Amino acid sequence: MSSSTTQTNESCQYLVFRLGGLDYALDFSKVQELRPLKALERFSSDGEIVSGVVVSRGVIMPIVDMRIAFGPRPPQHDPLTDVIILKLSSCVMGMVVDGVTDIVALKPAQIQPIAGAGAVDYLVGLGEVEGRRLIVVDIDKLMSIRKVQFGARQAA
């Protein structure tokens, strides 16, 4: 059996987090650590998606409040608010979410394409495990900064 065939049949670990009442999953290999928001030393820019920078274990990194990015929500922090420290291909950064729930194993066959989401490259698909539906995201693509050519416009 070739290694590529073995990889496609093996399950991968995904970190599951809540955001706006929905469950999302990202590749666990991209997670450096989990921290409660209150445990981080923050330098904020109130109400913005990029909510400033944090210091974690001596490393200064940007922090993105996904609760603001995914909907008009007041940035109120509760004890369940978590920060996922991500080790992306281009940088290390923090992502604020409503809360981390668990780690699950998904096989590629358990992840189905999302109808009508072909133009959104960061959506991997819809995963199902133990009766739960998870929106699986490619966190590198979601957090990448894309340059838009001058004069190019996208329809809202």
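In case you missed it, the structure is sitting above this.
What comes next concerns the included structure. (Residues numbered from 1 in each chain as written. Predicted model: local features only at pLDDT ≥ 70, side-chain atom pairs only at ≥ 80, totals over all residues. Heavy atoms only, no water.)

All right, on to the overall build of the chain then. Along its length, the chain carries three helices and twelve strands. Expressed as a percentage of the 156 residues in the chain, the buried residues total 35%. Long-range contacts, defined as pairs at least 24 residues apart, comprise 52% of the intrachain contacts of the chain with a sequence gap of at least 6. (Helix = DSSP H or I, 4+ residues; strand = E, 2+ residues; numbered from the N terminus. Buried < 20%, exposed > 50% of the residue type's maximum accessible area, 1.4 Å probe, protein only. Contact = heavy atoms within 4.5 Å.)

Let us look at the nonpolar core. Formed by 19 residues in total, the largest nonpolar core has its most connected members in F17, L26, I84, L86, M95, I139 and M143. Looking at this core, the elements with two or more residues in it are β1 (12-19), β2 (22-27), β7 (82-87), β8 (92-97), β12 (132-137) and α3 (139-143). Aside from chain neighbours lying at most four places away, what touches L86 is L26, K30, Q32, C91, V92, M93, M95, I139 and M143. A25, V104, I111 and V136 belong to the second-largest nonpolar core, a separate cluster that totals nine residues. (Core = buried A, V, L, I, M, F, W, Y, C linked by side-chain atoms within 4.5 Å.)

Here the structure, examined in full by the defined rule, presents seven salt bridges. Across the pair D23 and R18 runs a salt bridge whose closest N-O atoms are separated by 2.7 Å. On the basis of relative accessible area, R18 is assigned to the partly exposed category, the value being 31%. Here R132 makes a salt bridge to D102, at a shortest N to O gap of 2.9 Å. (Salt bridge = Lys/Arg side-chain N within 4 Å of Asp/Glu carboxyl O.)

Time to look at the pairing of β12. Where β2 meets β12, three bridges bridge the pair, whose relative direction is parallel. Note on β12: the bridge partner recorded for A25 is V136. Relative to β12, strand β11 (residues 123-129) runs antiparallel, the two sharing six bridges. Bridge pairing links V129 to R132 in β12. Hairpin connection from β11 to β12: two residues lie between these consecutive antiparallel strands, with E130 at a positive phi of about 50 degrees. (Pairing = 2+ DSSP bridges.)

Another point: unusual backbone geometry. In this model, E130 sits at a positive phi of 50 degrees, which is unusual for a non-glycine residue. In this structure, E130 sits in the loop between β11 and β12.

Taken in spatial order, the six strands line up as β9-β1-β2-β12-β11-β10 in an open sheet, and their pairing is mixed. What marks the edges here is a single partner per strand, and that holds for β9 (99-106) and β10 (111-112). Pairing geometry for β1 and β9, over seven bridges, is antiparallel. Note on β9: the bridge partner recorded for R18 is G99.

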